[in-house]
Amino acid sequence: MFDVECRMMDVSGLRQRRGLRLRGASNKTKLVTDHRTFRIGVLGSGAGSNFAAIADACAAGTIPAQIALVLSDVAEAGILEKARARKLQAQFIAPGKFRTKLDETAEAAFVQVLREAKADLIVLAGFMRVLKGEFLRAFEGRIVNIHPSLLPSFPGLEAWKQALDHGVRVTGCTVHFVDAGVDSGPIIGQQTVPVLDDDMPETLHQRIHKAEHELYPSCVAAIARGDISISGRRVIWKK
Ligand code: GRF
């Protein structure tokens, strides 16, 4: 999905996309910036604690953005409840016949509502389905995810348990752009979490979760501010 041949992608280009071309009395075309807020579409299947951290940071102004829409493939997901409690637009879309991905109809429905909501950035917050072709093409370079390990170690399910079973002394969480692979896109930010001698999967998972609630809002804020660019696989933060 990314042009890996060292193309520089300036995420602040997201802002330029919102520029309006207006014709003045002199018949010259000038670019007038549309100052509407950066809009985030969130997808999740579970409790939605990462969503809550991001939504609260938007409300507090720490992230210069607004949540445009929250979508879930699980009708009773906590994330939808948390969104509605915050008076945000929240919608369940049936995922279709597959277990680990959206079927074609569902994928088209997700893309359509996110386009209608004019989402600038798609934030995956515990969304348990792999996104495929049409979705990735529709929002190329504008989808981010959080994963509960220091990628590229321990991609896939129950990453905290994988880390514990492997015996690493340090694990953590990673925010990354989403590409066609599983947990494989360019890394935006990482936060470490030590593994303690008496850790059980749940205790380690809880501490990683806590770190996620700091890391994810800070990465989303940097993207919304246009402070992040990509060179090949490397994500560069503006100083
Ligand atoms: C988090 O652990 C995240 O790393 C993973 O899914 C979980 C979502 O948790 N991708 P929550 O729904 O945000 O509480």
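Residues numbered from 1 in each chain as written. Predicted model: local features only at pLDDT ≥ 70, side-chain atom pairs only at ≥ 80, totals over all residues. Heavy atoms only, no water.

Q: Requested: an account of the packing of aromatic side chains, with residues and values cited.
A: Applying the stated rule across the entire model yields 2 aromatic pairs. Between F110 and F127, the aromatic rings sit 5.8 Å apart at their centres with planes inclined by 55 degrees, giving tilted as the arrangement. Of the two residues, F110 sits in helix α4 (residues 104-116) while F127 sits in the loop between β7 (121-124) and α5 (133-138), which places them 17 residues apart along the sequence. For F110, a relative accessible area of 0% gives the class buried. Here the aromatic rings of F135 and F139 are separated by 5.3 Å at their centres, their planes lie at 50 degrees, and the arrangement is tilted. Assessed through its relative accessible area of 0%, F135 is described here as buried. One residue, K101, lies across the ring of F98, its end atom 4.5 Å from the ring centre. (Phe/Tyr/Trp six-rings, centres within 6.5 Å; stacked < 30°, edge-to-face > 60°. Helix = DSSP H or I, 4+ residues; strand = E, 2+ residues; numbered from the N terminus. Buried < 20%, exposed > 50% of the residue type's maximum accessible area, 1.4 Å probe, protein only. Lys NZ or Arg CZ within 6 Å of the ring centre and 35° of its normal.)

Q: Give a detailed account of the nonpolar core, specifying residues and quantitative values.
A: One finds I40 and I63 to be the most contacted residues of the largest nonpolar core, which totals 43 residues. Here this core takes 11 residues from helix α7 (residues 201-224), the largest share from any one element. Setting aside its immediate chain neighbours within four residues, I40 contacts C58, I63, A65, Q66, I67, A68, L69, L121, V123 and V220. Membership of the second largest hydrophobic core comes to 23 residues, among which are L43, L124, F135 and I143. (Core = buried A, V, L, I, M, F, W, Y, C linked by side-chain atoms within 4.5 Å. Contact = heavy atoms within 4.5 Å.)

Q: Explain the site of the ligand to me, using residue names and the numbers behind them.
A: Every residue close to the ligand is listed here: G46, A47, G48, S49, N50, G126, I146, H147, P148, H205, H209 and E212. In the environment of the ligand, an oxygen atom lies 2.5 Å from a nitrogen or oxygen atom belonging to the side chain of S49. Separating an oxygen atom of the ligand from a side-chain N or O atom of H209 is a distance of 3.1 Å. Across the complex, the protein chains shield 86% of the 370 Å² of accessible surface that the ligand would expose by itself. Elements represented by at least two residues in the shell around the ligand include exactly α2 (49-60), β8 (143-147) and α7. For the shell around the ligand, the element with the highest residue contribution is α7, accounting for 3 residues. Residue composition of the shell around the ligand, grouped by class: 3 nonpolar, 8 polar and 1 charged. (Near = heavy atom within 4 Å. Polar contact = N/O pair within 3.5 Å; in protein donor to acceptor, adjacent residues only side chain to side chain. Areas by Shrake-Rupley, 256 points an atom, 1.4 Å probe, with all protein chains shown as cover. Nonpolar A, V, L, I, M, F, W, Y, C, P; charged D, E, K, R; others polar.)

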